[in-house]
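The residues making up each chain are set out below.
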Amino acid sequence: MNAHLHLRQDQVYPFDARGIAKRFRHAAIFGALDALNAGERMRFVNDHDPLPLLDQLRNRYGETVDIQYLQRNSGEIVIDFIRN
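Structure report, in brief. Everything quoted here is computed from the prediction, not taken from an experiment.

A few words now on the pattern of salt bridges. Following the criterion strictly, the structure yields 7 salt bridges and no others. Linking arginine 18 and glutamate 76 is a salt bridge whose minimum nitrogen-to-oxygen distance equals 4.0 Å. Within this pair, whereas arginine 18 is found in the loop between β1 (12-16) and α1 (22-35), its partner glutamate 76 is found in strand β4 (residues 76-83), the two being separated by 58 residues in sequence. Taking relative accessible area as the criterion, arginine 18 reaches 39% and is therefore assigned partly exposed.

Structure follows, in structure tokens:
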């Protein structure tokens, strides 16, 4: 089994939520964010703007996770979540 080594602080980890069953998405996203080290980012892709999720992230992580939209088009949203 390969371990995640976190060799580079500027590493970008893709997370495509479109392939995850809706009932598991938020738990999977929280787990992925919890696994990030400071300086790492998760590039999140979804088919809709996840406004309720973003509110949950702000409440759960506060300023320890930055949220940056890269693309905000109908049908494709790309957001970087950066761990501080």
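Contact geometry for α1 and helix α2 (residues 51-61): axes closest at 12 Å, N-to-C directions at 40 degrees. Considering their axes alone, α1 and α2 lie oblique with respect to each other. Handedness of the crossing formed by α1 with α2: right-handed. The residues of α2 that touch α1, namely those facing His26, Ile29, Phe30, Leu33 and Asp34, are Leu53, Gln56, Leu57, Arg60 and Tyr61. Tallied by class, the residues present in the contact of α1 with α2 amount to 6 nonpolar, 2 polar and 2 charged.

Turning to α2, a few remarks are in order. What α2 keeps buried is the set Leu53, Leu54, Leu57 and Tyr61. One side of α2 holds all its buried residues, which, seen down the axis, span an arc of 100 degrees. In α2, those exposed residues whose orientation departs by more than 90 degrees from the buried face are Pro52 and Asn59. Looking at the buried positions of α2, the neighbouring elements they touch are α1, β2 (41-46), β3 (65-73) and β4. Glycine 62 occupies a position one or two residues after α2 and carries a positive phi of about 55 degrees.

What counts, and at which threshold
Sequence order as written defines the numbering, with residues in each chain counted from 1. Totals for whole chains, interfaces and linings use all residues, but because this is a predicted model, local features are given only for residues with pLDDT of at least 70 and pairs of side-chain atoms are given and counted only at 80 or more. Side-chain metrics in this entry use all non-hydrogen atoms of the structure; hydrogen atoms and water are not considered. Here, a salt bridge means any side-chain nitrogen of Lys or Arg that lies within 4 Å of a carboxyl oxygen of Asp or Glu. Secondary structure elements are defined from DSSP: runs of H or I of at least 4 residues count as helices, runs of E of at least 2 residues count as strands, and each element is numbered from the N terminus. In this scheme, a residue with accessible area under 20% of its type's maximum is buried, one over 50% is exposed, and one in between is partly exposed, where area comes from a 1.4 Å probe on protein chains only. Angles shown run from 0 to 180 degrees and are taken between the N-to-C directions of axes, each axis being a line fitted to C-alpha atoms and, for helices, limited to the stretch in contact. An angle below 35 degrees is read as roughly parallel, one above 145 as roughly antiparallel, one from 65 to 115 as roughly perpendicular, and any other as oblique. A crossing counts as left-handed when the near helix is turned anticlockwise from the far one by less than a right angle, and as right-handed when that turn is clockwise. Here, two residues are considered to be in contact whenever any of their heavy atoms come within 4.5 Å of each other. Gly counts as polar in this scheme, as do all residues outside two lists: the nonpolar Ala, Val, Leu, Ile, Met, Phe, Trp, Tyr, Cys and Pro, and the charged Asp, Glu, Lys and Arg. To obtain the arc, one takes the directions from the helix axis to the C-beta atoms.

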